[in-house]
Amino acid sequence: MMRLHVLASGSRGNAAVVENTRTGEGVLIDCGICKRDVLARCAEAGFDPTRLRAVLITHDHGDHVRGLGVVLRGLARLGVTPDVLASPAVRAASAPIEDALATEGVAFRGLRAGDAVSAAGLVAHVFRTSHDAAESFGFRFEDAAGPGVADAVGFMTDTGVVTPEAHEALAGVRLLALESNHDADMLERGPYPWSVKRRIASDGGHLSNDQAAAELAALAEGPGGERLEAVAAMHVSQENNTYRLPVEELGGALARIGHPAAVRVAYQERLVTLG
């Protein structure tokens, strides 16, 4: 029913599309990359960007919103003006979002934790994450076709801890995007100033590989865990991690409990599709 196309993931820019394969429509999550890369990677994924019906913003940091205005203006020239959905606090904190909302025909819809918002034939359930932004959210997407449709996609990145609310929202998903930002030893030994290291490792920072592996195992062993088919390790640091380590650690956590879900890594400069 759904596919997840991670167009880019990392500190230099983030964007992903949840595609409803039943309708051919989709929702863009964040837009921190340029229009050229959005359009090129949508084309590579076989997704028509004029079928985007909404843009959901996780939070206000530049690597998640800096490309929003130019992308929305480019889509408007193609005849489509998806709504922008974000926390009012995130909108107030973000000049790029305000700039994007000046695009003719683009409407703003406020998001709050606990909301269930409809777009592209999907319902996005909004939950808080723990990050040092004005406010930050993750999403659980479900097909809006009605009872009996058992497909769900979970998306959580940019969080220092996994809250009980987030864990509950991610339970029983088929496809999962889960932050696995840094290796704790590499961060400790790395070149960042101590204050930055402390921020990254804090409850308002980013999940480590170890934290992501523990959460993945808990989800896989929990209610509905047998539905999980594929996981993408997200927001991988290019200074404090490698693209190999998250796959090894998350894959190892699943192997230890005998779970067959596939583990992929999301790249900064390369498309990755789940589903």
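Residues numbered from 1 in each chain as written. Predicted model: local features only at pLDDT ≥ 70, side-chain atom pairs only at ≥ 80, totals over all residues. Heavy atoms only, no water.

### Points about the sheet that holds strand β12 (residues 230–234)
This is how the line gets drawn: DSSP-based pairing: two strands are paired if at least 2 bridges between them are found. Where helices and strands are cited, they refer to DSSP runs of H or I of at least four residues and of E of at least two residues respectively, numbered from the N terminus. Here an axis means a line fitted to C-alpha atoms, over the contact stretch when the element is a helix, while the angle between two N-to-C directions is reported on a 0 to 180 degree scale. The contact rule is simple, with two residues in contact once any of their heavy atoms fall within 4.5 Å.
Spatial ordering of the open sheet is given by β7-β8-β9-β10-β11-β12-β13, a layout of seven strands whose pairing is mixed. The strands lining the two open edges of the sheet, one partner per strand, are β7 (116–119) and β13 (262–265). Ignoring which end each strand starts from, the neighbouring axes of this sheet average 20° apart. Where β7 and strand β8 (residues 122–128) come together, four bridges link them in antiparallel fashion. Its bridge partner being in β8, Ser118 is matched across the sheet by Val123. Of the strands in this sheet, β11 (175–179) and β12 are in contact with helix α9 (residues 209–221), which crosses β11 at around 155°. Where helix α10 (residues 244–256) meets the sheet, it contacts β12 and β13, and its direction lies at approximately 165° from that of β13.

### Remarks on unusual backbone geometry
Selection rule: The cut-offs for exposure are 20% and 50% of the maximum accessible area for each residue type, with area from a 1.4 Å probe on protein chains only; residues under the lower value are buried, those over the upper are exposed, and the others partly exposed.
Of note, Asp30 is a non-glycine position whose phi angle comes to about 65°, a positive value. By the secondary structure assignment, Asp30 is in the loop between β3 (25–29) and α1 (35–45). Taking relative accessible area as the criterion, Asp30 reaches 1% and is therefore assigned buried.

### Digging into the packing of aromatic side chains
Rules: Side-chain rings of Phe, Tyr and Trp, where Trp is taken by its six-membered ring, are said to pair if the distance between their centres is within 6.5 Å; with planes under 30 degrees apart they count as stacked, over 60 as edge-to-face, and otherwise as tilted. Here, a charge over a ring means that NZ of Lys or CZ of Arg falls within 6 Å of the ring centre while also lying within 35 degrees of the ring normal.
Overall, the coordinates contain two aromatic pairs when judged by the stated rule. Arranged with centres 6.0 Å apart and planes meeting at 50°, the rings of Phe139 and Phe141 form a pair that is tilted. Overall, the relative accessible area of 1% leaves Phe141 in the buried class. Seen from the ring of Phe108, Arg91 lies directly overhead, with NZ or CZ sitting 4.6 Å from the centre. In this arrangement the basic side chain of Arg270 is found over the ring face of Tyr267, its NZ or CZ atom lying 3.9 Å from the centre.

### Here we look at the pairing of strand β1 (residues 2–8)
With six of its seven residues buried, β1 lies for the most part within the structure. Direction of pairing for β1 relative to strand β2 (residues 15–20): antiparallel, over a ladder of six bridges. Counterpart to Leu4 in the pairing with β2 is Val18. In this antiparallel pair of consecutive strands, β1 and β2, the connection spans six residues, and Gly10 shows a positive phi of 155°. Pairing geometry for β1 and strand β14 (residues 272–274), over three bridges, is antiparallel. Paired with Leu4 across the bridge in β14 is Leu274.

### Observations concerning the pairing of strand β4 (residues 52–56)
Keep this limit in mind: Classification remark: right-handed applies to a crossover when, strands pointing away from the viewer, the course from the first strand over the helix to the second runs clockwise.
Among the five residues in β4, four count as buried, and that is most of the element. Sheet analysis places β3 next to β4, joined by four bridges and oriented parallel. Within β4, the residue paired with Leu28 across the bridge is Val55. A crossover connection joins β3 to the parallel β4 through α1; in handedness this β-α-β unit is right-handed. Strand direction decides the pairing type here: β4 and strand β5 (residues 83–86), joined by three bridges, are parallel.

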